[in-house]
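Descriptive analysis of the structure
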Amino acid sequence: EYIDSYVFNKVEDIRFNSTVGKYVGYTEHGVKNAETWNKGSELAQELGALERYCKPNADLHYSNVL
């Protein structure tokens, strides 16, 4: 699971969660940004990072933990 959180003043405003597959807002400001980011290129960038970095390296990190 890939999670990218954005925090301001110790409060999580917005989060990308690979399980959900989109940005989710947790504050009023975060909800507005999540709606905008889910429609724009930001979502494609996060999904690209998931495919490019996370999935290929997941087995390596998992095997190191075991």
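Residues numbered from 1 in each chain as written. Predicted model: local features only at pLDDT ≥ 70, side-chain atom pairs only at ≥ 80, totals over all residues. Heavy atoms only, no water.

**Some points on the pairing of strand β3 (residues 22-25)**
- As defined by bridge partners, strand β2 (residues 11-17) adjoins β3 across four bridges and the pair is classed as antiparallel. Along β3, the bridge assignment pairs Ile-14 with Gly-25.
- Counted between consecutive antiparallel strands, the loop separating β2 from β3 contains four residues, among which Gly-21 sits at a positive phi close to 85 degrees. (Pairing = 2+ DSSP bridges. Helix = DSSP H or I, 4+ residues; strand = E, 2+ residues; numbered from the N terminus.)

**Some points on the pairing of β2**
- Pairing of strand β1 (residues 3-8) with β2 involves six bridges; the strand directions are antiparallel. Counterpart to Tyr-6 in the pairing with β2 is Ile-14.
- Taking the residues between adjacent antiparallel strands as the criterion, β1 and β2 are bridged by two residues, where Asn-9 takes a positive phi near 55 degrees.

**Here's the deal with the side chain of Glu-46**
- Mapped onto the fold, Glu-46 is located in helix α2 (residues 41-65).
- The contacts of Glu-46, once residues within four sequence positions are left out, are Tyr-2, Asp-4, Tyr-6, Phe-16 and Tyr-23. (Contact = heavy atoms within 4.5 Å.)

**Quick look at the pattern of salt bridges**
- On inspection of all chains with the given rule, the structure shows two salt bridges.
- Where Glu-12 meets Arg-15, a salt bridge forms, and the shortest distance between an N and an O atom there is 2.9 Å.
- Salt-bridge contacts for Lys-32 lead to Glu-28; the nearest nitrogen and oxygen are separated by 3.8 Å. Of this pair, Lys-32 and Glu-28 both sit in helix α1 (residues 28-39), four residues apart, which is roughly one turn of that helix. For the pair Lys-32 and Glu-28, a shared accessibility class is recorded, and that class is exposed. (Salt bridge = Lys/Arg side-chain N within 4 Å of Asp/Glu carboxyl O. Buried < 20%, exposed > 50% of the residue type's maximum accessible area, 1.4 Å probe, protein only.)

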